[in-house]
Amino acid sequence: YDLSLISVLFLTLLLLFLALFPGAFNCCMKISDEIPKVILRRVERFETQKADGPCHLEAIILHMKGKKFCANPWNRKVKKMMKKMEHKIHRSKSHVGKQRRTRMTKQKDKKQ
């Protein structure tokens, strides 16, 4: 076989794999049991990595300013941080809804 043909075939298969499984190379390969409080306070968002599909390890991926940390999903501090963030998001969404209703009420008052 021609070496260039094998190279082209290999690259084609690699690109196909990357297209079908985009997260395959973004998986957490190991997790930290201890995440310092300083890091937990700076977390901007988090996502859950399941052990099924291309990733073979359950983890919580903590994102902060261009960095990511892979944490143990059973860590109490991490769970507490996640709950706080979810509560904060829920509160801010309900607050926005109240503001909309207030604005709509004011507009109705102006029409009358």
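Residues numbered from 1 in each chain as written. Predicted model: local features only at pLDDT ≥ 70, side-chain atom pairs only at ≥ 80, totals over all residues. Heavy atoms only, no water.

Quick look at the overall build of the chain
Note the cut-off: Helical segments are the DSSP runs of H or I of at least four residues, strand segments are the runs of E of at least two, and each set is numbered from the N terminus. Burial classes follow relative accessibility: with a 1.4 Å probe on protein chains only, a residue under 20% of its type's maximum area counts as buried, one over 50% as exposed, and anything between as partly exposed. Only the protein chains shown count as cover for residues, and all accessible areas are computed by the Shrake-Rupley method using a 1.4 Å probe.
Scanning the chain for helices and strands turns up three helices and three strands. Looking at the chain as a whole, 22% of its 112 residues are labelled buried. With an accessible surface of roughly 9,700 Å², the chain has 60% of that area assigned to carbon and sulfur atoms.

Regarding a nonpolar patch on the surface
Counted only if it meets this: A patch consists of residues whose relative accessible area exceeds 30% and which take part in no salt bridge; residues with like charges are grouped when within 9 Å of each other, and nonpolar side chains (Val, Leu, Ile, Met, Phe, Trp, Tyr) when within 5 Å. Salt-bridge detection follows one rule: a side-chain nitrogen of Lys or Arg within 4 Å of a carboxyl oxygen of Asp or Glu.
Nonpolar side chains collect at one region of the surface, where Leu9, Leu13, Leu16 and Leu20 lie side by side and expose about 410 Å² of accessible area between them. Here Leu16 lies in helix α1 (residues 3–20).

Quick word on the sheet that holds strand β3 (residues 67–71)
The line we're drawing: DSSP bridges decide pairing: two strands pair if at least two such bridges lie between them. Orientation is described by lines fitted to C-alpha atoms, with helices fitted over the stretch in contact, and by angles between N-to-C directions that extend from 0 to 180 degrees.
As summarised here, the arrangement of the three strands in space is β1-β2-β3, forming an open sheet in which the pairing is antiparallel. Sheet topology places β1 (45–49) and β3 at the edges, where each strand pairs with a single neighbour. In this sheet, adjacent strand axes meet at a mean angle of 25° when their direction is disregarded. By the bridge criterion, five bridges tie β1 to strand β2 (residues 59–64) in an arrangement that is antiparallel.

Focus on the nonpolar core
Let me state the cut-off plainly: Throughout this description, the term nonpolar core refers to a set of buried Ala, Val, Leu, Ile, Met, Phe, Trp, Tyr and Cys residues connected via side-chain atoms within 4.5 Å. Note on contacts: a residue pair qualifies if any of its non-hydrogen atoms lie within 4.5 Å across the two residues.
One finds Ile35, Ile39, Leu40, Val43, Ile60, Leu62, Met64, Ala71, Val78, Met81, Met82 and Met85 forming the largest nonpolar core, which totals twelve residues. Within the residue set of this core, elements represented by two or more residues are α2 (37–42), β2 and α3 (76–111). Broken down by element, this core gets its largest block of residues, four residues, from α3. If sequence neighbours within four positions are ignored, Ile35 has contacts with Leu40, Leu62, Cys70, Ala71 and Val78.

What to know about a positive patch on the surface
Just so we agree on the cut-off: When charges are counted, neither His nor the chain ends are considered; positive counts come from Lys and Arg and negative counts from Asp and Glu. Charge coordinates come from a single atom per side chain, which is NZ of Lys, CZ of Arg, CG of Asp or CD of Glu.
A cluster of basic residues, Lys37, Arg41, Lys80, Lys84 and Lys88, forms a positive patch on the protein surface. Looking at the positive patch, the elements that each hand over two or more residues are α2 and α3. Considering every element that reaches the positive patch, the biggest residue donor is α3, with three residues.

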